[in-house]
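# Results of the structural survey
Residue-level listing of the chains:
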Amino acid sequence: SQQGEEDPQALSIQEGENATMNCSYKTSINNLQWYRQNSGRGLVHLILIRSNEREKHSGRLRVTLDTSKKSSSLLITASRAADTASYFCATALMNYGGSQGNLIFGKGTKLSVKP
Amino acid sequence: GAGVSQSPSNKVTEKGKDVELRCDPISGHTALYWYRQRLGQGLEFLIYFQGNSAPDKSGLPSDRFSAERTGESVSTLTIQRTQQEDSAVYLCASSLALGFSANTEAFFGQGTRLTVV
């Protein structure tokens, strides 16, 4: 069953605007990761936030994590047409003993950035 | 190679035939994942291998699906008696995920596009 659920399912913005995508999950996690997918093939890792972290930055990306609400958000600032892609959150479950377990993906947000 | 390699890239098969999909993970990666992605949909978890532990097969949709992995190397996903509903892209990923509090990203292959006609 799906662990993460992204919101919105689709987002269309103009170049230069910010894009915010949200992810909710159900069970305890080791970390939460965001991935990007172009053209329905391989995914590329964007950023990882650990369960004891609240915010993380990488270039134009900002990720927040609220473990009390079991939710995360991905903000892309000053968007570009090249950011057009599908974005997925993935929750890394925790194995017995604390190691990283299985990686479960949500359904994704399809972002369209218009020039 | 440096990345995760999947073969074949595309596969067209007749309904009822068996197919075998292959995944070569990054050398040294202990964790290997298989996912299915139907057109325009999210990633559906199929099976997860972690080192020498018993695999998590909870995502396999039916007993027509099976997967094997020898040690920490190649994995094969087998679909028996294929159905049209099996048409999808099958994605494989690997990661270094062993150890307490390990937090590592997954590296994906380009997938195998399976079409059942």
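A brief look at the structure comes next.

Rules and cut-offs
- Residues numbered from 1 in each chain as written.
- Chains lettered and ligands numbered in written order.
- Predicted model: local features only at pLDDT ≥ 70, side-chain atom pairs only at ≥ 80, totals over all residues.
- Heavy atoms only, no water.
- Pairing = 2+ DSSP bridges.
- Helix = DSSP H or I, 4+ residues; strand = E, 2+ residues; numbered from the N terminus.
- Axes fitted to C-alpha atoms, helices over the stretch in contact; angles between N-to-C directions.

### Some points on the sheet that holds strand β8 (residues 71-76) of chain A
Residues and elements named next belong to chain A. Pairing is antiparallel in the open sheet, where five strands are placed in the order β1-β3-β8-β7-β6. Each edge of the open sheet is held by one strand with a lone partner, namely β1 (5-7) and β6 (55-58). Across this sheet, the average inter-strand angle for adjacent strands is 20°, counted without regard to direction. Bridge count for β6 against strand β7 (residues 61-66) is four bridges, and the pairing is antiparallel. Residue Lys 56 lies in a different strand from β7, and its bridge partner there is Val 63.

### Re the sheet that holds strand β6 (residues 65-69) of chain B
All names here are of chain B. What the four strands build is an open sheet, ordered β1-β3-β7-β6; its pairing is antiparallel. Strands at the two margins of the open sheet, each flanked by one partner only, are β1 (5-7) and β6. Between one strand and the next, the sheet's axes are offset by a mean angle of 15°, whatever the strand orientation. Direction of pairing for β6 relative to strand β7 (residues 75-79): antiparallel, over a ladder of five bridges. Bridging from a neighbouring strand, Phe 65 pairs with Ile 79 of β7.

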